[in-house]
Amino acid sequence: MILPSLRESLEAHGLMAKKSFGQHFLLDLNITRKIVRLAQSSSLNTPFDGDVVIEVGPGPGGLTRALLESEAQKIIAIEMDSRFIDLLGELNGVYGERFEVIEGDAMKVNELQLLTDRGLPPLAHIVSNLPYNVGTPLLIKWLTGPWQPLSMTLMFQLEVALRVVAPVGDSDYGRLSVIAQVLCDCEKLMDLPARAFTPPPKVDSAVVKLVPKTDRPDKVIIKNLEKVTAAAFGQRRKMLRASLKPLGGEAILEKAGITPTERAEQIPPQDFLRLAHCL
């Protein structure tokens, strides 16, 4: 079976992007193949050979087709928009059981159960052109939840991508930067202009790769990290002795060896991790 082009598939099924789902399609297979290539061969080397890849929000399947050309054992796509299930199902005609599409909300999916129910290894890579309206909540779920992916290669609107990789002191540095960089090695792989998408969004996008660190803190410390960063960056103009007052103020800062007059944007991720240990 020869697959029609992505545009032909969309036309045949009478489909358009839905604004309410934050959909912007990437139909250029040269770009999606580059994303898959970088996902495996960047400085954070994580090839897909023999592994499972989970994709969220595949839409018409531009990124899906590029993933299926890789050496991954299986691609599981999670799509909330029921309009695309039949279109994506056409990929089974070429790739058979290597591809599976599931209709559902990725925020509610238990990835470990999804994999073990299918007799698959409990770990998988995540690769996704994330819908803009759920990109950050999904990232926080995968960063802080009980299931830890092998790697994440994710497309966000540019401002979110910059926040993930921002260094301490940068104007984009914030709570998301700290949580992501404490738990993962992070790298921005490529920028994508709005015109690369159909329909074009109002902002540019970027692809970020995150690989979980082996010395991951336990779930109590991760919860503490979320509390500390929420308090510190929730009042980022204040000195830490004021913004962290509900959590112990100067006492906890002195215990962590941090100057109480510093502000949140001046504190590197590892110092926030020390604060989380001191809670």
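Before any of the text, the structure's been laid out above.
Given the structure is predicted, the values throughout are model-derived calculations rather than measurements.

### Thoughts on the nonpolar core
Across soluble globular proteins, nonpolar side chains have a tendency to be buried as a group.
Then comes step 1: One finds L210 and F272 to be the most contacted residues of the largest nonpolar core, which totals 57 residues.
Then comes step 2: Looking at which element gives the most residues to this core, the answer is helix α10 (residues 219–234), with 7 residues.
Then comes step 3: If we ignore the near neighbours within four places in the chain, the residues touching F272 are Y173, V178, L225, V228, T229, A232, F233, A264 and I267.

### A word on the sheet that holds strand β4 (residues 125–129)
Then comes step 1: Ordered by their spatial adjacency, 7 strands build an open sheet running β3-β2-β1-β4-β5-β7-β6, and the pairing between neighbours is mixed. Strands at the two margins of the open sheet, each flanked by one partner only, are β3 (99–103) and β6 (184–192). Pairs of neighbouring strands in the sheet enclose a mean axial angle of 20°, with direction left out of account.
Then comes step 2: Of the pairings in the sheet, the one linking strand β5 (residues 151–157) to strand β7 (residues 205–212) comprises 6 bridges and is antiparallel in character. In the strand pairing of β7, M152 is matched with L210.
Then comes step 3: Contacts between helix α2 (residues 29–41) and the sheet are confined to β5, β6 and β7, with β6 contributing the most and set at about 160° to the helix.
Then comes step 4: Contacting β1 (52–56), β4, β5, β6 and β7, helix α7 (residues 135–144) runs over the sheet at an angle of about 160° to β5.

### Overview of the pairing of β4
Every other side chain in a regular strand lies on the same face of the sheet, so the side chains alternate between the two faces.
Then comes step 1: Within β4, 5 of the 5 residues are buried, which leaves it mostly tucked inside the rest of the structure.
Then comes step 2: Side chains H125, V127 and N129 project from β4 onto one buried face, and the interleaved I126 and S128 project onto a second face that is buried too.
Then comes step 3: In terms of strand pairing, β1 meets β4 through 2 bridges, oriented parallel. Bridge pairing in β4 links V53 to H125.
Then comes step 4: With 5 bridges joining them, β4 and β5 adopt parallel strand pairing. Bridge pairing in β5 places H125 opposite S151.
Then comes step 5: The β-α-β motif built from β4, the intervening α7 and the parallel element β5 has right-handed crossover chirality.

### What to know about the packing of aromatic side chains
Then comes step 1: As enumerated under the stated definition, the model contains 3 aromatic pairs in all.
Then comes step 2: On the basis of an interplanar angle of 75° and a centroid distance of 5.4 Å, the ring pair of F25 and F84 is categorised as edge-to-face. Taken together, the residues F25 in the loop between α1 (6–13) and α2 and F84 in the loop between β2 (74–79) and α4 (85–89) connect sequence positions 59 residues apart. F84 matches F25 in its accessibility class, with the two residues each being buried.
Then comes step 3: Note on Y173 and F233: the rings are 6.0 Å apart at their centroids and 75° apart in plane angle, and the pair reads as edge-to-face. Taken together, the residues span a long stretch of sequence, with Y173 in the loop between α8 (158–165) and α9 (175–183) and F233 in helix α10 at a distance of 60 residues. Summarising the burial analysis for this pair, Y173 and F233 share the class buried.

So, how was this worked out
- Residues numbered from 1 in each chain as written.
- Predicted model: local features only at pLDDT ≥ 70, side-chain atom pairs only at ≥ 80, totals over all residues.
- Heavy atoms only, no water.
- Core = buried A, V, L, I, M, F, W, Y, C linked by side-chain atoms within 4.5 Å.
- Buried < 20%, exposed > 50% of the residue type's maximum accessible area, 1.4 Å probe, protein only.
- Helix = DSSP H or I, 4+ residues; strand = E, 2+ residues; numbered from the N terminus.
- Contact = heavy atoms within 4.5 Å.
- Pairing = 2+ DSSP bridges.
- Axes fitted to C-alpha atoms, helices over the stretch in contact; angles between N-to-C directions.
- Right-handed = clockwise from strand over helix to strand, strands pointing away.
- Phe/Tyr/Trp six-rings, centres within 6.5 Å; stacked < 30°, edge-to-face > 60°.

By themselves, these are just geometric observations and shouldn't be taken as functional.
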